[in-house]
Amino acid sequence: MQLRVVAINDGAQGVRVLRLARSDGADLPEWEPGAHLEVTLPGGLRRHYSLCGSRADGQEWTIGVLREERSRGGSSYLHDGVEVGRELTVTGVRNLFPLVPADEYVFIAGGIGITPLLPMIETAEAAGSDWHLFYGGRRRASMAFLERLEPYGERVTVAPADECGRIDLGAALAAAPRRALVYACGPGPLLSSLEEEATAAGLELHVERFTAAPLPASVQNATFEVQLAQTGVTLEVPADRSIVEVLEDNGIGVPSSCQEGVCGTCETKVLQGTPDHRDSILSDEERRAGNTMMICVGRSRSSRLVLDL
Ligand code: FES
């Protein structure tokens, strides 16, 4: 759909906050905390941004865009090439990071990772859940949405690294109620440390990654076959190509975006075979079930996969 940029604010140093609405003022589709939308940019680049406004506002969607130091064009365009009134092509919304109802939560944000957690906090607060947010960033001035968190007082621990060092994740989780669900979003190293700490503390952790988790050095790629059930075509996927790349090499277009297993755009049903999941989206249960996979990074443990394509 086409959405118009109706307001732009500086959320913090390096963070631009864009509010989007339909040109005719009609309501936008409802969404749940954790949802993101996809913005298609000039040249076909597609980028995903968490909705971070209030769900009570049915006519506007809000996204926070961090200017990436090594931008491949996405964040720099939204910072430098877009003004109020510009139409953006938006797809969504999609939720790969749903908030499971609970009485107690620990939220952990690193930098722009605060964005999906804001609507979660609003929902937890409205439900009367007990919660605490640990919000880390490089400097206070670079941490967006601090003013929205102020009313929550002591429920929020703001930890700029230049003032107080990194968040002590071990202490944060050790102090959490045993039944608390932990929701976290931020840079990969933060989330990797958190996975270890949450396992040690016996807490259930839900994360959303911006970039793929690193694979262990021992992981090797092997050649396998994919059969496309809808046409019967069988293709070989060599060790140095992904399924998406092999499909595209053969003129078969499939929806894909991040190519890193973090956005969910390329999710494909598996009809036969055992996928080797390498994405950062599916839960352990979904991996074990093997009914679906992200074909931009996923490979095969069996010699052949049959996909619903
Ligand atoms: Fe993003 Fe595959 S293209 S998960």
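You'll find the structure just up there.
On a predicted model such as this, the values are computed, not experimentally measured, just so you know. (Residues numbered from 1 in each chain as written. Predicted model: local features only at pLDDT ≥ 70, side-chain atom pairs only at ≥ 80, totals over all residues. Heavy atoms only, no water.)

Enquirer: Please explain the overall build of the protein chain as it appears in this structure.
Expert: The helix and strand tally for the protein chain stands at eight helices and 18 strands. For a compact globule of 309 residues, the expected C-alpha radius of gyration is about 19 Å, and the protein chain comes in at 20 Å, within 12% of that figure. Counting all 309 residues of the protein chain, 46% fall into the buried class. Considering only contacts within the protein chain whose residues lie at least 6 apart along the sequence, 62% involve residues at least 24 apart. For the protein chain, the exposed area adds up to about 15,000 Å²; of that, 46% sits on carbon and sulfur atoms. One way to put it: in the protein chain the 29 positive side-chain charges average out to a point 3 Å from where the 43 negative ones average out. (Helix = DSSP H or I, 4+ residues; strand = E, 2+ residues; numbered from the N terminus. Rg over C-alpha atoms; globule rule 2.2 N^0.38 Å. Buried < 20%, exposed > 50% of the residue type's maximum accessible area, 1.4 Å probe, protein only. Contact = heavy atoms within 4.5 Å. Areas by Shrake-Rupley, 256 points an atom, 1.4 Å probe, with all protein chains shown as cover. Lys, Arg positive; Asp, Glu negative; His and termini not counted. Charge placed at Lys NZ, Arg CZ, Asp CG, Glu CD.)

Enquirer: Just checking my understanding: could you explain the pairing of strand E18 (residues 304–307) for this structure?
Expert: Look at any regular strand and the pattern is simple: side chains alternate between the two faces of the sheet. Relative to E18, strand E12 (residues 224–228) runs parallel, the two being bridged by four bridges. Note that in E18 the partner of Val-226 across the bridge is Leu-305. Sheet topology places strand E14 (residues 267–272) next to E18; two bridges connect them, and they run antiparallel. Paired with Gln-272 across the two strands is Val-306, which belongs to E18. (Pairing = 2+ DSSP bridges.)

Enquirer: Explain the sheet that holds E12 to me, please; I cannot follow it from the model alone.
Expert: Backbone hydrogen bonds are what pair the strands of a sheet, in a parallel or an antiparallel way. The strand order across the open sheet formed by five strands is E13-E12-E18-E14-E16, and the pairing between neighbours is mixed. Of all strands in the sheet, those bounded by a partner on one side alone are strand E13 (234–237) and strand E16 (292–294). In this sheet, neighbouring strand axes are inclined to one another by 40° on average, regardless of whether the strands run parallel or antiparallel. (Axes fitted to C-alpha atoms, helices over the stretch in contact; angles between N-to-C directions.)

Enquirer: Any chance you could explain unusual backbone geometry here in plain terms?
Expert: Excluding glycine, residues mostly carry a negative phi; peptide bonds, for their part, are mostly trans. Between Gly-92 and Val-93 the backbone carries a cis peptide bond, its omega angle lying at 5°. Relative to the helices and strands, Val-93 is located in strand E6 (residues 87–95). Here Phe-145, not a glycine, exhibits a phi torsion of approximately 70°, which is positive. Locating Phe-145 in the fold gives a position in the loop between strand E8 (130–137) and helix H3 (146–149). Of the residues examined, Phe-145 reaches a relative accessible area of 4% and is grouped as buried. Here the phi dihedral of Gln-259 falls at roughly 60°; this positive angle occurs in a residue that is not glycine. Note on placement: Gln-259 falls in the loop between helix H7 (243–249) and E14.

Enquirer: For this particular structure, what's the right way to read the packing of aromatic side chains?
Expert: Aromatic ring pairs are described here by two measures, namely the spacing of the ring centres and the angle between the planes. One pass over the full model with this rule turns up six aromatic pairs. Aromatic rings pair up to connect Phe-97, Tyr-105, Phe-107, Trp-131, Tyr-152 and Tyr-183 into one cluster. (Phe/Tyr/Trp six-rings, centres within 6.5 Å; stacked < 30°, edge-to-face > 60°.)

Enquirer: What should I look at first to understand the state of the cysteines in this one?
Expert: By definition, a disulfide is the covalent link that joins the sulfur atoms of two cysteine residues. Tallied over the full model, the rule gives zero disulfides. Between Cys-52, a free cysteine, and Cys-185, which holds the nearest cysteine sulfur, the sulfur-to-sulfur gap is 11 Å. (Disulfide = S-S within 2.5 Å.)

Enquirer: Can you help me understand the sheet that holds strand E10 (residues 181–186) in this one?
Expert: Taken together, the five strands give an open sheet; going across it, the order is E9-E8-E7-E10-E11, and neighbouring strands pair in parallel fashion. Lying at the two open borders of the sheet, with one neighbouring strand each, are strand E9 (156–160) and strand E11 (204–209). In this sheet, adjacent strand axes meet at a mean angle of 15° when their direction is disregarded. Bridge analysis of strand E7 (residues 104–110) against E8 gives seven bridges, and the strand direction is parallel. Paired with Tyr-105 across the bridge in E8 is Trp-131.

Enquirer: Would you explain the side chain of Ser-75 in this entry?
Expert: Looking at where Ser-75 falls in the secondary structure, it is placed in helix H1 (residues 74–80). In contact with Ser-75, not counting residues within four places along its chain, are Tyr-49, Val-65, Leu-66, Arg-67 and Glu-68.

Enquirer: How do you make sense of the side chain of Ser-129 when you look at a structure like this?
Expert: Residue position: Ser-129 is located in the loop between helix H2 (114–126) and E8. Setting aside chain neighbours within four positions, we find Ser-129 in contact with Ala-102, Asp-103, Tyr-105, Ala-124 and Arg-155.

Enquirer: Even after reading the chapter, I still don't get H2, so can you show me in this structure?
Expert: Residues spaced three or four apart along an α-helix face the same direction, because each turn holds 3.6 residues. With 13 residues, H2 extends 18 Å between its outermost C-alpha atoms, agreeing within 8% with the 18 Å of an ideal straight helix rising 1.5 Å per residue. If you check which residues of H2 are buried, you get Ile-114, Thr-115, Pro-116, Leu-117, Leu-118, Pro-119, Met-120, Ile-121 and Ala-124. Gly-128, located one to two residues past H2, shows a positive phi value of around 80°. (Expected span 1.5 Å × (residues − 1).)

Enquirer: Looking at this structure, how should I read helix H6 (residues 188–201)?
Expert: Its 14 residues give H6 an end-to-end C-alpha distance of 20 Å, which sits within 8% of 20 Å, the value for a rise of 1.5 Å per residue. By the burial criterion, the buried members of H6 are Gly-188, Leu-190, Leu-191, Leu-194, Ala-198 and Ala-201. Mapping the buried residues of H6 onto a view down its axis gives an arc of 145°, with all of them on the same face. Of the exposed residues in H6, those oriented more than 90 degrees away from the buried face are Pro-189, Glu-196, Thr-199 and Ala-200. Positioned one or two residues after H6, Gly-202 has a phi angle of 70°, which is positive. (Arc of directions from axis to C-beta.)

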